[in-house]
Every structure is written in C-alpha cells, then in structure tokens.
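So the chains spell out like this:
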Amino acid sequence: VQLQASGGGLVQAGGSLRLSCAASGRTFSSASLGWFRQAPGKDREFVAAIRRSGGSTYYTDSVKGRFTISRDNARATVYLQMNSLKPEDTAVYYCAASWTLILSNIANRDAYDYWGQGTQVTVSS
C-alpha cells in the first residue's frame, strides 16, 4: 500500500488549503482514513478521520468547523479541506490508512497501518 500526500504550502492566516492523499495497492473503499499532523517539537496528533463504513467523519476539537475530511473512492483519494487557517495549524500533515480500524481507535495513531510521506503546511500571521 502506498499513500501519496500533496497540497501543502504557505498561506496567510485566514486562508485555505486542500490536502490530497492518493492511495494505491489495496481496495480503497474498504479503508478508514485519517489525517494527523506534527508540529516541531511536538507529538504527532490526530486531526480528522473518515470511516470505511458509511463515511462517518471525526475531528479533533481545534479544527471542528474549519476543516472537512472527505473521500472519493473512485479516485482512491482522501481530502482535507482546511479553511480559516491559523498559525497554530502549522505542521507537517500526514495521511494514514487502516483496513482494520475500530471506532474506539479512530484517533489513535498506532491503529493506522499505512502512512503517507507528509506535506508541510505553514500558516503565517
């Protein structure tokens, strides 16, 4: 399984970016998918996830109402639309996939089996 993340960049506070993560190597529609981020000197933290069954979505509190995760099974791609960006959103963003994820582990990075390479998001004040 390969995950390829893209779409990061430099944006001013209040701006928007859309991250994409293209997957290959396994049945995409059966995967639960997540986005995590890691700021310098900090642990990798959960941002958002979308389940394989029904496409339910989950967000960390700090991004609710600003970020939207979605998936296109035909394109085997998961997206993270980020609006109203803040300097504290600055981090390397990683996509992740699991074909065995259970709901109670949706925000647990150790529950994801496959990871993309990361894409840098920098929000200037």
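This text follows the structure it describes.
Attention here is on the structure that accompanies the text. (Residues numbered from 1 in each chain as written. Predicted model: local features only at pLDDT ≥ 70, side-chain atom pairs only at ≥ 80, totals over all residues. Heavy atoms only, no water.)

## Observations regarding the pattern of salt bridges
Summed over all chains, the structure comprises 5 salt bridges. A salt bridge links D89 to R37; the shortest N-O distance between them is 2.9 Å. With D89 in the loop between β8 (77-82) and β9 (91-98) and R37 in strand β4 (residues 32-38), this residue pair connects regions lying 52 residues apart in the sequence. Considered together, D89 and R37 belong to a single accessibility category, that of buried residues. The salt bridge involving D61 is made with K64; its shortest N-O contact spans 3.0 Å. What you see here is one network of salt bridges that share partners, running through R37, E45, R66 and D89. (Salt bridge = Lys/Arg side-chain N within 4 Å of Asp/Glu carboxyl O. Helix = DSSP H or I, 4+ residues; strand = E, 2+ residues; numbered from the N terminus. Buried < 20%, exposed > 50% of the residue type's maximum accessible area, 1.4 Å probe, protein only.)

## What to know about the nonpolar core
Membership of the largest hydrophobic core comes to 31 residues, with the highest contact counts inside it found for W35, L80, M82 and Y93. Every element with two or more residues in this core is listed here: β1 (2-6), β3 (17-24), β4, β5 (45-50), β7 (67-72), β8, β9 and β11 (119-124). The residues contacting Y93, other than those within four sequence positions of it, are L19, W35, F36, R37, V47, F67, L80, M82, G118, T119 and V121. The next biggest cluster of nonpolar side chains, apart from the first, holds 8 residues, and it includes F46, A49, A96 and Y112. (Core = buried A, V, L, I, M, F, W, Y, C linked by side-chain atoms within 4.5 Å. Contact = heavy atoms within 4.5 Å.)

## Some remarks on the state of the cysteines
Following the criterion strictly, the structure yields 1 disulfide and no others. Here C21 engages in a disulfide with C95; their sulfurs sit 2.1 Å apart. Where C21 bonds to C95 through sulfur, the torsion about that S-S bond is close to 60 degrees, and the disulfide is right-handed. With C21 in strand β3 and C95 in strand β9, the pair connects residues that are 74 residues apart, well separated along the chain. (Disulfide = S-S within 2.5 Å.)

## Here's the deal with the sheet that holds β3
Taken in spatial order, the 4 strands make up an open sheet running β1-β3-β8-β7, and their pairing is antiparallel. What marks the edges here is a single partner per strand, and that holds for β1 and β7. Pairwise comparison of adjacent strand axes, ignoring direction, gives a mean angle of 15 degrees for this sheet. As paired elements, β1 and β3 share 5 bridges and run antiparallel to each other. Each bridged residue has a counterpart across the sheet, and for S6 the counterpart in β3 is S20. (Pairing = 2+ DSSP bridges. Axes fitted to C-alpha atoms, helices over the stretch in contact; angles between N-to-C directions.)

## Examining the pairing of β7
Every second residue of β7 is oriented toward a common face, the buried set being F67, I69 and R71 and the non-buried set T68, S70 and D72. Taken together, the 6 bridges between β7 and β8 define a ladder with antiparallel strand orientation. Bridging across to β8, T68 finds its partner in Q81. The turn linking β7 back onto β8 is made up of 4 residues, and A76 within it adopts a positive phi angle of 50 degrees.

## With respect to the side chain of T77
With respect to the helices and strands, T77 occurs in strand β8. A residue is classified by how much of its surface remains accessible, and T77, at 9% relative accessible area, is buried. From its side chain, T77 meets the backbone oxygen of R75 in a polar contact 2.8 Å long. Look past the residues within four positions of T77 in its chain and what remains in contact with it is S20, C21, A22, F28, S70, R71 and D72. (Polar contact = N/O pair within 3.5 Å; in protein donor to acceptor, adjacent residues only side chain to side chain.)

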